[in-house]
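Coordinates in review
As a plain string of letters, each chain reads:
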Amino acid sequence: ALRRRVRHALAAAALADGDPGTAEEAARAAVAADPLDEEAARLLMRALLDRALPAEALRVHASLRRALADELGSDPAPATQRLHAAALTGAPAPVD
């Protein structure tokens, strides 16, 4: 649990500091550790959008959506859906 919080904090701080590469690295580590970690997936999607990689952000969303459906029978949260929509449309990533 501590590593998860540290990865989230590092990714969020890197995004706030304008360093999406470091944010991507931390968020990818968090997603790899727990594919159902929706907050980590959002941080990763935001980092990818900040790096102008919307197709990769869409792949992250698709993986998360499948994992949530298969394991929990649920859909991504509204905040995750808003990032998905931004990746689809090219709109700025929403800040939640």
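As shown above, the structure is provided for reference.
This section reports on the structure supplied with the text. (Residues numbered from 1 in each chain as written. Predicted model: local features only at pLDDT ≥ 70, side-chain atom pairs only at ≥ 80, totals over all residues. Heavy atoms only, no water.)

1. Overview of the overall build of the protein
Note the cut-off: Only DSSP runs of H or I with at least four residues qualify as helices, and only runs of E with at least two residues qualify as strands; both kinds are numbered from the N terminus onward. Note on method: radius of gyration uses C-alpha positions; expected globular size equals 2.2 Å times residues raised to 0.38. The rule is simple: take the accessible area with a 1.4 Å probe, protein chains only, and divide by the maximum for that residue type; under 20% is buried, over 50% is exposed, in between is partly exposed. Two residues form a contact once any of their heavy atoms are found within 4.5 Å. Each accessible area is a Shrake-Rupley estimate made with a 1.4 Å probe; only the visible protein chains count as cover when residues are assessed. Positive charge is attributed to Lys and Arg, negative charge to Asp and Glu, and no charge count is given to His or to the chain ends. Just so you know, the charge point we use is NZ for Lys, CZ for Arg, CG for Asp and CD for Glu.
From N to C terminus, the protein includes five helices and zero strands. Counting helices and strands in the order they occur from the N terminus, the protein gives α-α-α-α-α. By the compact-globule yardstick of 12 Å for 96 residues, the protein fits well, its C-alpha radius of gyration being 12 Å. The C-alpha extent of the protein, read off along each of the three principal axes, is 35 × 35 × 20 Å. In the protein, which comprises 96 residues, the proportion classed as buried is 36%. Partitioning the intrachain contacts of the protein with sequence separation of at least 6 by distance along the chain shows that 51% fall at a separation of at least 24. Summing over all exposed atoms, the protein offers an accessible surface of approximately 5400 Å²; the carbon and sulfur share of this is 55%. Seen as two clouds, the 12 positive and the 14 negative side-chain charges of the protein have centres 1 Å apart.

2. Considering helix H5 (residues 78–89)
Just so we agree on the cut-off: The length a helix should cover is 1.5 Å for every residue beyond the first. Directions from the helix axis toward the C-beta atoms define the arc.
For H5, built from twelve residues, the straight-helix expectation of 16 Å at 1.5 Å per residue is met to within 8% by its first-to-last C-alpha distance of 16 Å. Among all positions of H5, only Ala79, Thr80, Leu83, His84, Ala86 and Ala87 are buried. Axial view of H5: buried residues confined to an arc of 160°, hence all on one face. Facing away from the buried surface of H5 by more than 90 degrees, the exposed residues are Pro78, Leu88 and Thr89. Residue glycine 90 follows H5 closely and has a positive phi angle near 85°.

3. Considering the side chain of histidine 84
Among the secondary structure elements, histidine 84 is positioned in helix H5. The residues contacting histidine 84, other than those within four sequence positions of it, are Met45, Leu58 and His61.

4. Quick word on the packing of helix H3 (residues 38–50) against helix H4 (residues 54–72)
Using the following cut-off: Interaxial angle, 0 to 180 degrees, is taken between N-to-C directions of lines fitted to C-alpha atoms, where a helix line uses only the stretch in contact. To sort the angles, those under 35 degrees are grouped as roughly parallel, those over 145 as roughly antiparallel, those from 65 to 115 as roughly perpendicular, and the leftovers as oblique. Handedness of each helix crossing follows the sense of rotation of the near helix against the far helix: counterclockwise by less than a right angle gives left-handed, clockwise gives right-handed. In the scheme used here, Gly and all other residues not listed as nonpolar or charged are polar, with Ala, Val, Leu, Ile, Met, Phe, Trp, Tyr, Cys and Pro taken as nonpolar and Asp, Glu, Lys and Arg as charged.
The interhelical angle for the contact between H3 and H4, taken along N-to-C directions, is 165°, at an axis separation of 8 Å. Viewed along their axes, H3 and H4 adopt a mutual orientation that is roughly antiparallel. Pair H3 / H4 crosses with left-handed handedness. Between H3 and H4, the residues in contact are Glu38, Ala41, Leu44, Met45, Leu48 and Leu49 and Pro54, Glu56, Ala57, Val60, His61, Leu64 and Leu68, respectively. Class assignment of the residues belonging to the contact of H3 with H4 gives a composition of ten nonpolar, one polar and two charged.

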